[in-house]
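Next come the chains, spelled out residue by residue.
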Amino acid sequence: MGAKIYTRSGDSGETGLYRGPRVGKDCLRIETCGTIDELNCAIGLIRAEKIPPRADALLASVQNRLFELGAEVATPDAQRQGTQYITAEYVRELEEAIDQLDRELPALDRFILPGGERAGALAHFARAVCRRAERRLVALVREGLELGTPLSPVVLAFINRLSDFLFVLARWLNHQAGVTEHPWEPPPRKG
């Protein structure tokens, strides 16, 4: 039998950072890691659907990148500790995927409502979780600058591009399924 999954070391509301001190489970760094984990789970839900192999391969890569991002965020000084994994190349890979998928979509000239077929709707949901992870990362980057433990600015570019990717992927999955997008209908102008 392997090691037990529970250690009881977190029963007091603290957890350990990777190669760092113990901190409260409500600290910003842990909150950010948790939101990144939630995003990874949301992407797993998309992959649990019957989606085209091309989309599944892209999402598998994203899930691995999110584990790397989580490790980087969970390390107080990622550069010194050797866990600064997110690179500008990862951002370029997302941009290439966005451009390839977007070429297959009708032009977008209005806001659209999140939804569509199940995988597309889940991709919209993952995009919203990604934006929350981005907000947490922005706060953590600012905190790190103040405390002298900066995160690489590339993490912000990566998470920002990832939300763009998830938006385009949602549209692409719906388009592949033959589902029509529903535009937002703004209220009539007054006056």
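Predicted model, so just to flag it, every value in this text is computed and none were measured. Positions within a chain are numbered from 1, following the residues in the order the chain's sequence is written. Side-chain atom pairs in this predicted model are given and counted only at pLDDT of 80 or more, local residue features only at pLDDT of at least 70, and totals for whole chains, interfaces and linings cover all residues. Only hydrogens and water are set aside when side-chain values are computed; all heavy atoms of the structure are taken into account.

Colleague: Teacher, can you tell me more about the environment of Asp 109 here?
Modeller: Relative to the assigned elements, Asp 109 resides in the loop between α4 (88–102) and α5 (118–147). Asp 109 sits in the exposed class, given a relative accessible area of 73%. By definition, any uninterrupted DSSP run of H or I lasting at least four residues is a helix, any uninterrupted run of E lasting at least two residues is a strand, and each is numbered from the N terminus. Burial here depends on accessible area, computed with a 1.4 Å probe over protein chains only, as a share of the maximum for the residue type. Under 20% is buried, over 50% is exposed, and the range in between is partly exposed.

Colleague: Looking at this structure, I do not really get the nonpolar core. What am I missing?
Modeller: The nonpolar side chains of a soluble globular protein tend to be buried, and buried together. Among the nonpolar cores identified, the biggest contains 44 residues, and Leu 39, Leu 69, Leu 162, Phe 165 and Leu 166 are the most heavily contacted of them. Put simply, the parts of the chain that give this core at least two residues each are α1 (28–47), α2 (53–73), α4, α5 and α6 (154–176). Working definition of a nonpolar core: buried Ala, Val, Leu, Ile, Met, Phe, Trp, Tyr and Cys residues. They are joined through side-chain atoms within 4.5 Å.

Colleague: Teacher, can you tell me more about the packing of aromatic side chains here?
Modeller: One pair of aromatic rings is described through two measures. These are the centre distance and the angle between the planes. In this scheme Phe, Tyr and Trp rings, the latter by its six-membered ring, pair at centre separations within 6.5 Å, and the angle between planes marks the pair as stacked below 30 degrees, edge-to-face above 60, and tilted otherwise. By the definition in use, this model includes 2 aromatic pairs. An angle of 70° between the planes, with centres 6.1 Å apart, marks the rings of Phe 111 and Trp 184 as edge-to-face. Of this pair, Phe 111 sits in the loop between α4 and α5 while Trp 184 sits in the segment after α6, and the two are 73 residues apart along the sequence. Classification of Trp 184 as partly exposed rests on a relative accessible area of 41%. Definition used: whenever NZ (Lys) or CZ (Arg) falls within 6 Å of the ring centre and also within 35 degrees of the ring normal, the charge is taken to sit over that ring. Between the NZ or CZ atom of Arg 65 and the centre of the ring of Tyr 90, over which it lies, the distance is 3.6 Å.

Colleague: What am I meant to see in the environment of Arg 103 here?
Modeller: Within the element layout of this structure, Arg 103 appears in the loop between α4 and α5. C-alpha of Arg 103 to C-alpha of Trp 172: the two residues are 69 residues apart in sequence and 9.8 Å apart in space.

Colleague: Quick question: what am I supposed to make of α4 here?
Modeller: Three or four residues apart is the spacing at which side chains of an α-helix point the same way, because the helix has 3.6 residues per turn. Every helix has an expected span of 1.5 Å times one less than the residues it contains. Taking 1.5 Å per residue, 15 residues should reach 21 Å; α4 reaches 21 Å between its end C-alpha atoms and fits that length. Every buried residue belonging to α4 is among Tyr 90, Val 91, Leu 94, Ala 97, Ile 98 and Leu 101, and all of these are buried. Taken around the axis of α4, the buried residues stretch over an arc of 120°, which confines them to a single face. On the buried face of α4, the contacting elements are α2 and α6. Arc definition: it is the arc formed by the directions from the helix axis to the C-beta atoms. The contact rule is simple, with two residues in contact once any of their heavy atoms fall within 4.5 Å.

Colleague: Is there a simple way to think about the side chain of His 124 in this case?
Modeller: When you line up the elements, His 124 lands in helix α5. For His 124, a relative accessible area of 4% puts it in the buried group. Not counting residues up to four positions away in its chain, the partners in contact with His 124 are Ile 112, Leu 113, Pro 114, Gly 115, Phe 167, Ala 170 and Asn 174.

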